[in-house]
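# Coordinate analysis (summary)
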Amino acid sequence: MRLVRTIAELREALEPHRRETIALVPTMGAFHEGHVSLFRAARAEADVVVVSLFVNPAQFAEDADLNGYPRDEARDVAIAEAAGVDLLFAPAPEEMYPPGFQTWVDVEELGSRLEGVHRPGHFRGVATVCLKLINIVRPQRAYFGQKDAQQVAVLRRMILDLELELELRVLPTVRDGDGLALSSRNARLSPEERERARSLPRALSTKDAQRARELLGDLDVDYVEVADFEPRVLTAAVRVGDTRLIDNVILEGDTE
Ligand code: AMP
């Protein structure tokens, strides 16, 4: 595996492979089995697997959240290498957003509800960085987790609206034994908070918004809603202490 820091290096490394199938897996690092499931799927389906590791400042509304985001690059390098990743692209913020940067992709309606209400500008940051990564890597396929169902809906809309030529692959949510969806943010939960966080998957598993709201009664709930994505999901966001967790279950369809 090669670790590359600049767009120029990444483009040069991909140049000999332009006639092969290239897969892109965008991430923010602090890898867990959810990330690894995307790497493995990409490895099985493409000749060249590119993973980006970039804690994208543009998708964080709060500095404290950005600065507190878990980072462990050495560990991530080892995990990506073991999963068969070919190129790990880990740019500095200035590489992606050089001075003068001012062009943004805003998926207006889909990006402004649910997560968008509580994290203004979040999906603008996500869509913009993903479009940049897609333009740099020019993959035939890009891999995302169903865990972030609204992100998938936003990116699917961007791909349609901007005529991007790639296939979006969406993989099932990987969970811990206690049902909690794996998330880099779980590392920040104390044992007592983790215990309380378990009511999130438990509530969603009822597949009933009203019942889920009742079961989440003693957590700080941002929303519990049925969202008409493809597939339709029951989705929720809660705060447990200082940690914000999102999760969803599919109500129909066959992704999971
Ligand atoms: P992140 O590093 O959190 O931005 O996530 C990178 C990719 O991994 C996104 O497409 C996520 O949806 C996906 N992902 C995160 N957690 C999980 C999980 N528990 N299971 C499957 N995919 C996940």
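For the structure given in this document, a descriptive report is provided here. (Residues numbered from 1 in each chain as written. Predicted model: local features only at pLDDT ≥ 70, side-chain atom pairs only at ≥ 80, totals over all residues. Heavy atoms only, no water.)

## Focus: the overall build of the protein chain
Scanning the protein chain from N- to C-terminus turns up eleven helices and nine strands. Whereas a compact globule of 256 residues would reach a radius of gyration of roughly 18 Å, the protein chain reaches 18 Å, a difference of no more than 12%. In terms of overall dimensions, the protein chain has a C-alpha envelope of 55 × 40 × 35 Å along the principal axes. Across the 256 residues in the protein chain, those meeting the buried criterion constitute 52%. In the protein chain, the share of contacts with a sequence separation of at least 24, taken over all contacts with a separation of at least 6, comes to 69%. When the accessible surface of the protein chain is split by element, carbon and sulfur atoms take 47% of a total near 12,100 Å². (Helix = DSSP H or I, 4+ residues; strand = E, 2+ residues; numbered from the N terminus. Rg over C-alpha atoms; globule rule 2.2 N^0.38 Å. Buried < 20%, exposed > 50% of the residue type's maximum accessible area, 1.4 Å probe, protein only. Contact = heavy atoms within 4.5 Å. Areas by Shrake-Rupley, 256 points an atom, 1.4 Å probe, with all protein chains shown as cover.)

## Side note on the pattern of salt bridges
Opposite charge on two side chains permits them to pair, given that their charged atoms come into close proximity. This structure, assessed with the given rule, holds 20 salt bridges. As a salt-bridge pair, Arg244 and Asp222 come within 2.8 Å of each other at their nearest N and O atoms. Of this pair, Arg244 sits in strand β9 (residues 243–250) while Asp222 is found in strand β7 (residues 220–227), placing the two residues 22 residues apart along the sequence. Note on Arg244: relative accessible area 13%, which makes it buried. Judged by its relative accessible area of 17%, Asp222 falls in the buried class. By sharing partners, the salt bridges in this structure join Asp65, Arg119, Arg185 and Arg188 into a single network. (Salt bridge = Lys/Arg side-chain N within 4 Å of Asp/Glu carboxyl O.)

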